[in-house]
Protein chains: 2
Amino acid sequence: MSVTYRKDLSRAVEDYLKAIYELQRGRQQVSTSALAERLGFASASVTGMLKKLHAQSPSLVKYQRHRGVTLTQTGEKIALEIIRHHRLIELYLIEALGYSWDEVHEEADRLEHFISESFEDRIATFLGEPEVDPHGDPIPTKEGYIAVSASTRLSALQVGESGRITKVLDEDPELLRYLTKLGLCPQAVVTVTQRDPFGGPIHIQTDAGATQMLGDRVTDSVYVELVQ
Amino acid sequence: MSVTYRKDLSRAVEDYLKAIYELQRGRQQVSTSALAERLGFASASVTGMLKKLHAQSPSLVKYQRHRGVTLTQTGEKIALEIIRHHRLIELYLIEALGYSWDEVHEEADRLEHFISESFEDRIATFLGEPEVDPHGDPIPTKEGYIAVSASTRLSALQVGESGRITKVLDEDPELLRYLTKLGLCPQAVVTVTQRDPFGGPIHIQTDAGATQMLGDRVTDSVYVELVQ
DNA sequence: TAAATGAATTAGTCGCGCCTAAAACGTGGA
DNA sequence: TCCACGTTTTAGGCGCGACTAATTCATTTA
C-alpha cells in the first residue's frame, strides 16, 4: 500500500500548480507573465510566489530566474488531482443536480479545492468512473494518468471533411450557450462545407442538417476527431 | 423583489458569526473566552477579530469591550445562512452520496462556506425542502427562519417516561457511531427504566427492546420530545 | 557592439488573521 | 474599602499573498 504524503496546500498554491500545468502544454517552461495573465495577478506577485514555492516546496516546482517555471513529477501529480476534482465536479453538477453546461465552471473552480478524497471517490463512483468531462476533456485517474486525445482544431478541417466534436477548450458561459444553441457539443458531428484556404470564418453543416458560419473564436476552441 | 446585498465574507468571519450564534442561545452576550474556546483560538486573537468586525462591519456584530459580543439582525441572518448550508449539506451527503451519520460533519464544515446559492437551492430541491437535518436539528429557511423545538434532554426524563429522540447535539464521530450501534438516532423512542434522582447514569429501553445504561455525556446531548 | 525595448525581479507596503507576553480591567471576598 | 484573581485587552510580531514603483536583465535591432 503506497501512502503518498501530501502537505496541505493553500488554495492559492493549488491554483498556481493548476495554471502552470495548463500553460505547460508543449512548452517546457512557463513564463512569469503568462502565469500572471492567466491568474489575473501582477507579474511581480507571481515572481514572489514562484520564489517562495521554489524555496519552500522544491518538490513541487522548478523555477529559474528569468527562465520560467516547470512542474516536478509531484507538482504535476497534484495539478492533475485538482483537475480531476474540477472535471468530476462539473460532470456531477450536470448529471446529479441538473446544472447546464455553461453554469458549472465557476462552481467547480471553487469547490475543487475543498472536497475531501472521500467526496471525490463517491461522486466518481456515482458517475460510473467517467473518463471525460462535459467539455470532452479527459478526466485524470486517481493515479494521475491522463489520456491524450488525437483531436485537432475545427479550424484545421478542410472542405468536405467531417469531424466528431471531442472537446471545447473555452469555459465562457456565453460561448457555451451559443454552442449549445447550435448543437455543437461533444459527440456532435460536423462537416465543413466552405472555407477560405487562408483562414478566417468557415461554413459547417451540423448532423442535424443546419448550416452555420463560424469565426476563429469558435473554430479554434472546438476540437474534433476526423470521421469517415 | 427584495435584493439583499451581502458583502462577500471570508471563511473566518463566517465561522465567527456561526460560533457566536451557537453560543448565544439564552445568553444575551457571548464572552471573548467562550468564543475563543469554541473556535480553538487564543482569546487575544478573538478580541482582535471582534474589534475589527465591530469597526468594519457594524452591521453584523455589536461588541462592547469587556462585555462581550452579540449578533445584529443581519449578522444572525448570515449565521443562519451558513447553518442552513451546513445542515443541507450533511443531509445531502447522506441521502445522495451514501455517507454515514458520523462522516458528514467535517465535510460540511468546510463546504458550507464555498457552495453557491444555486447549489444550495438545488440540493434543497433534491431533498424535498427538508426541515430537519440528520441530527434532528431544524434547517433554517432561506429567509432565515428557524423552528424552535420543544424537546428536552434525555437526562431530564423520569423513570417510566418515554421520549422520541429529536436531535443529538454532538458531532463527535465516535459518539455518533456508538449511538448508531444502540439505535439511538432521531425518531427512535426510548423509555427510562431506572435512574438515580440525583443525576448520573440512567437506564433506558430502546424501541427495539434492548436495555442500556447511559452516562452524562450521552444523556446530555440526546434530546427527546415526550411521548404518551 | 551598443543602444533600445520589453520581460522579470527587487524593494517596499498593505490587509488579513493568527500568535505570545504583558498590562489593564472589574469583580467577589476579606 | 481594598486586594487578589481571573478575564480581557493592548502591544508587538509573523507568515501569507496580493499590490505599485523602481530597477535590472536579456534579447533584439541598428
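Each residue is numbered by its place in its chain's sequence as written, counting from 1. Lettering of chains starts at A and numbering of ligands starts at 1, both following the order in which they are written. Only residues with pLDDT of at least 70 are given local features in this predicted model, and only at 80 or more are side-chain atom pairs given and counted; all residues enter the totals for whole chains, interfaces and linings. With hydrogens and water stripped out, all remaining heavy atoms of the structure feed into the side-chain values.

## Let's talk about the nonpolar core
Selection rule: Among buried residues, the Ala, Val, Leu, Ile, Met, Phe, Trp, Tyr and Cys ones that are joined through side-chain atoms within 4.5 Å form a nonpolar core. Here's how the labels work: a residue is buried when its accessible area is under 20% of the maximum for its type, exposed when over 50%, partly exposed in between, all with a 1.4 Å probe on protein chains only. Where helices and strands are cited, they refer to DSSP runs of H or I of at least four residues and of E of at least two residues respectively, numbered from the N terminus.
Membership of the largest hydrophobic core comes to 35 residues, with the highest contact counts inside it found for Tyr92, Leu97 and Phe119 of chain A together with Tyr92, Leu97 and Phe119 of chain B. Listing elements by their share of this core, those giving two or more residues are α4 (73-97), α5 (104-111) and α6 (117-126) of chain A together with α4 (73-97), α5 (104-111) and α6 (117-126) of chain B. Examining the composition of this core, we find that seven residues originate from one element, α4 of chain A, more than from any other.

## Let's talk about the interface of chain A and chain B
In plain terms, the rule: By definition in these notes, contact holds between two residues if any of their heavy atoms fall within 4.5 Å. Here the buried area means the combined drop in accessible surface, using a 1.4 Å probe, for two parts upon being joined, counting both sides. Counted as salt bridges are all cases of a side-chain nitrogen of Lys or Arg within 4 Å of a carboxyl oxygen of Asp or Glu. In protein, a polar contact means a hydrogen-donor-capable atom and an acceptor-capable atom, both N or O and within 3.5 Å, with residues adjacent in sequence counting only if both atoms are side-chain atoms; elsewhere, any N or O pair within 3.5 Å suffices.
Across the boundary between the two partners, chain A contributes 17 residues, which contact 17 residues of chain B. Taking both sides of the interface into account, the surface hidden between chain A and chain B amounts to around 1,600 Å²; carbon and sulfur atoms contribute 56%. Scanning the region where chain A abuts chain B turns up two salt bridges. Ionic pairing is found between glutamate 103 of chain B and arginine 122 of chain A, a salt bridge with its closest N-O pair at 3.1 Å. Linking chain A with chain B are 14 residue pairs in polar contact (both at pLDDT 80 or more).

## Description of the pattern of salt bridges
Residues and elements named next belong to chain A. Per the stated rule, a full pass over the model turns up 31 salt bridges over all chains. Aspartate 133 is the partner of arginine 87 in a salt bridge, and the nearest nitrogen-oxygen pair spans 3.7 Å. Of the two residues, arginine 87 sits in helix α4 while aspartate 133 sits in the loop between α6 and β3 (152-153), which places them 46 residues apart along the sequence. The exposure classification of arginine 87 matches that of aspartate 133, with both residues buried. A salt bridge links arginine 217 to aspartate 172; the shortest N-O distance between them is 3.1 Å. Residue arginine 217 is found in helix α8 (residues 216-221), and its partner aspartate 172 is found in the loop between β4 (162-168) and α7 (173-182); the two are separated by 45 residues along the sequence.

## Details of the sheet that holds strand β8 (residues 222-227) of chain A
All names here are of chain A. Let me state the cut-off plainly: Think of it this way: DSSP has to see at least two bridges between two strands before they count as a pair. Helix axes are fitted only over the stretch in contact, all axes being lines through C-alpha atoms; the angle between N-to-C directions runs from 0 to 180 degrees.
The strand order across the open sheet built from six strands is β3-β8-β4-β5-β6-β7, with neighbouring strands paired in antiparallel fashion. The outermost strands of the open sheet, each flanked by one partner alone, are β3 and β7 (211-214). Along the sheet, α7 makes contact with β4, β6 (202-206), β7 and β8, crossing β7 at roughly 155°.

## Details of the pairing of strand β8 (residues 222-227) of chain B
Residue and element names in this part refer to chain B. Where strand β3 (residues 152-153) and β8 come together, two bridges link them in antiparallel fashion. Bridge assignment links threonine 152 to a residue of β8, and that residue is valine 224. Judged from the six bridges that link them, strand β4 (residues 162-168) and β8 form a sheet pairing that is antiparallel. Each bridged residue has a counterpart across the sheet, and for lysine 167 the counterpart in β8 is tyrosine 223.

## Details of the protein's contact with DNA strand C
To keep things clear, this is the line we draw: Only heavy atoms are used to decide nearness, and a residue is near a molecule or strand if one of them lies within 4 Å of it. Three residue categories are used. Nonpolar comprises Ala, Val, Leu, Ile, Met, Phe, Trp, Tyr, Cys and Pro, charged comprises Asp, Glu, Lys and Arg, and polar comprises the others, including Gly.
With respect to spatial proximity, 21 residues lie near DNA strand C, and among them Ser33 and Tyr63 of chain A together with Ser10, Ser45 and Lys52 of chain B are the closest. Sugar plus phosphate: this is where 82% of the atoms of DNA strand C within 4 Å of the protein reside. Threonine 47 of chain A is positioned with one of its side-chain polar atoms (N or O) 2.7 Å from a phosphate oxygen of DNA strand C. At 3.4 Å, a side-chain N or O of tyrosine 16 of chain B approaches a phosphate oxygen of DNA strand C. Looking at the surface near DNA strand C, the elements that each hand over two or more residues are α2 (32-39) and α3 (43-56) of chain A together with α1 (11-24) and α3 (43-56) of chain B. If one sorts the elements of the surface near DNA strand C by residue count, α3 of chain B sits on top with five residues. Of the residues contributing to the surface near DNA strand C, the split by class is eight nonpolar, 10 polar and three charged.

## Examining the pairing of strand β1 (residues 61-64) of chain B
A one-sided burial pattern is seen for β1 of chain B, the buried positions being Val61 and Tyr63 of chain B and the unburied ones Lys62 and Gln64 of chain B. In sequence, β1 of chain B turns back onto strand β2 (residues 68-71) of chain B through a hairpin of three residues, with histidine 66 of chain B there showing a positive phi of about 70°.

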